[in-house]
Amino acid sequence: MRRALLVVLLLVAALLTVPPARSFAAGGCAPSGTPPPADVSERKIGDLDWDGRPDTLWVGEVRDSSPSSQGQIDRVVGVTTASGDTSEVQVSSASPIPLSALAIDAQQDGQHQIIVSDGRSARLYVFANCRLQAAADNQGAPFQFDLQNLRDNGTGVGCSDLGPPSTGRHLVGLHATNDGQWTVRRTEIDLNGTLATIGGSDTVAASSAQDPAVTSAETISCGNLTIAKDGVQQP
């Protein structure tokens, strides 16, 4: 009888000392893919795959080994998780400006995006299902931002809350112009997985070219992150 009582007490004690459940869902990508090429530029970023550990964003170059390429050098951007899983995308661009990339959570909802700039335009990628994937608009075309107003479409990328009807922070395309008065048009981009949908827009006035509204509209940023300070630049 005493032995049975002792067993019961031990079981109760064990149950009381079970550690609490973690506050985030178990995650982590199974190791796969090819390791990053040598001599990449890389930076530790946030936890993209929900395993509680920081992951790595990198930018580099690889030599195309296909017979028809004649040794062409391709520029690539990739993510390597703490588990060792690597996913990369090739970025084709005629721009001579080195690539740069910034990892963000634009809508602060656990979705993760990578913005890749070639100085002239910026491409939008999403890290989902352990893969880096190109975001597309509702016509299925790859989603891009104008950075030099080449198509009279924009000068930068940011994150802002434009208010109703889509309250909360969103990715926004920015367009700074000076027609006798500096203004910045902000256009909301709604993100749902790899789908990027253009939403509402507004315009804010600015006092000069040095106004923070203008200077932030001529770069890529999100919250307190900027591509110059927190991004990765091609070596």
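Everything numeric here is computed off the predicted structure, so don't read it as measured data. (Residues numbered from 1 in each chain as written. Predicted model: local features only at pLDDT ≥ 70, side-chain atom pairs only at ≥ 80, totals over all residues. Heavy atoms only, no water.)

Student: Could you clarify how one ought to interpret the overall build of the protein in this entry?
Tutor: Helix and strand content of the protein: 3 helices and 16 strands. Taking all 235 residues of the protein together, the buried fraction comes to 41%. Within the protein, contacts between residues separated by at least 24 positions form 46% of all contacts whose residues are at least 6 apart in sequence. For the protein, the computed accessible surface area is about 12900 Å², with 54% contributed by carbon and sulfur atoms. (Helix = DSSP H or I, 4+ residues; strand = E, 2+ residues; numbered from the N terminus. Buried < 20%, exposed > 50% of the residue type's maximum accessible area, 1.4 Å probe, protein only. Contact = heavy atoms within 4.5 Å. Areas by Shrake-Rupley, 256 points an atom, 1.4 Å probe, with all protein chains shown as cover.)

Student: Explain unusual backbone geometry here, please?
Tutor: Negative phi is the rule for most residues except glycine; trans is the rule for most peptide bonds. Going from Pro164 to Pro165, the amide bond is cis rather than trans, its omega being 5°. Here Pro165 is to be found in the loop between strand S10 (156–160) and strand S11 (170–178). Of note in this structure, Gln108 is not a glycine but carries a positive phi near 55°. By secondary structure assignment, the location of Gln108 is in the loop between strand S5 (100–104) and strand S6 (112–117).

Student: Would you take a moment to explain the pattern of salt bridges for this structure?
Tutor: Summed over the entire model, instances satisfying the criterion amount to 3 salt bridges. Where Asp51 meets Arg53, a salt bridge forms, and the shortest distance between an N and an O atom there is 3.1 Å. Two residues, Asp230 and Lys229, come together in a salt bridge whose shortest N-O distance is 2.7 Å. The exposure class of Asp230 is buried, given its relative accessible area of 18%. For Lys229, a relative accessible area of 49% translates into the label partly exposed. (Salt bridge = Lys/Arg side-chain N within 4 Å of Asp/Glu carboxyl O.)

Student: What is the right way to look at the packing of aromatic side chains in this model?
Tutor: Two descriptors summarise a pair of aromatic rings, namely the distance from one centre to the other and the angle between the planes of the rings. All chains considered together, the criterion is met by 1 aromatic pair. Measuring from ring centre to ring centre gives 5.2 Å for Phe143 and Phe145, while their planes differ by 70°; the resulting arrangement is edge-to-face. (Phe/Tyr/Trp six-rings, centres within 6.5 Å; stacked < 30°, edge-to-face > 60°.)

Student: Mind showing me how you'd approach the sheet that holds S10 here?
Tutor: Neighbouring strands of a sheet are bound in pairs by backbone hydrogen bonds; such pairs are parallel or else antiparallel. Taken together, the 4 strands give an open sheet; going across it, the order is S10-S11-S12-S13, and neighbouring strands pair in antiparallel fashion. Since the sheet does not close on itself, it has two edges, and those belong to S10 and strand S13 (195–205), each with one partner. Strand-to-strand, the axes of this sheet are offset by a mean angle of 30°, without reference to chain direction. Of the strand pairs in this sheet, strand S12 (residues 182–192) and S13 are connected by 9 bridges, and their pairing is antiparallel. Note that in S13 the partner of Asp190 across the bridge is Thr197. (Pairing = 2+ DSSP bridges. Axes fitted to C-alpha atoms, helices over the stretch in contact; angles between N-to-C directions.)

Student: So what exactly am I meant to see when it comes to the environment of Arg169 here?
Tutor: Assignment of secondary structure puts Arg169 in the loop between S10 and S11. Taking C-alpha positions, Arg169 is 9.8 Å from Asp105, a pair spaced 64 residues apart along the chain. Residues contacting Arg169, with those up to four places away along its chain left out, are Asp105, Ala106, Gln107, Gln108, Cys159, Ser160, Asp161, Cys222 and Gly223. Reaching out from Arg169, the side chain makes a polar contact with the backbone oxygen of Asp105 at a distance of 2.8 Å. Side-chain polar atoms of Arg169 contact the backbone oxygen of Ala106, separated by 2.9 Å. (Polar contact = N/O pair within 3.5 Å; in protein donor to acceptor, adjacent residues only side chain to side chain.)

Student: Quick question: what am I supposed to make of the side chain of His175 here?
Tutor: Relative to the assigned elements, His175 resides in strand S11. Polar contacts involving the side chain of His175 include one to the side chain of Asn149, which spans 2.9 Å. Residues within four places of His175 in sequence aside, it is in contact with Asn149, Asp152, Asn153, Gly154, Thr155, Thr183, Val184 and Arg185.

Student: Which parts of the structure should I look at to understand the environment of Phe145?
Tutor: Of note, Phe145 is situated in strand S9 (residues 144–146). Judged by relative accessible area, which is 5%, Phe145 ranks as buried. On a C-alpha basis, the gap between Phe145 and Gly156 in space is 7.4 Å, while along the polypeptide they are 11 residues apart. When near neighbours in sequence (up to four residues on either side) are disregarded, Phe145 contacts Ser121, Ala122, Leu124, Arg151, Val157, Leu171, Val172, Gly173 and Ile189.

Student: Explanation requested: the state of the cysteines in the structure shown.
Tutor: Each disulfide is one covalent bond, formed between the sulfur atoms of two cysteines. For the coordinates displayed, the defined rule picks out 2 disulfides. Covalent S-S linkage joins Cys29 and Cys130, the inter-sulfur distance amounting to 2.1 Å. The chirality of the disulfide connecting Cys29 with Cys130 is left-handed, given an S-S dihedral of about -95°. Pair noted here: Cys29 is in the loop between helix H1 (2–16) and strand S1 (41–44) and Cys130 is in the loop between strand S7 (121–128) and strand S8 (131–134), with a separation of 101 residues, a long-range link. The exposure class assigned to Cys29 is buried, which follows from its relative accessible area of 5%. Residue Cys159 pairs covalently with Cys222 via a disulfide, S to S 2.0 Å. Because the sign of the S-S torsion sets the handedness, a value of about -100° for the bond joining Cys159 and Cys222 places this disulfide among the left-handed ones. Pair noted here: Cys159 is in strand S10 and Cys222 is in strand S14 (residues 221–222), with a separation of 63 residues, a long-range link. You can call Cys222 buried: its relative accessible area is 3%. Sequence-ordered numbering of the bonded cysteines in the protein yields a pairing of 1-2, 3-4. (Disulfide = S-S within 2.5 Å.)

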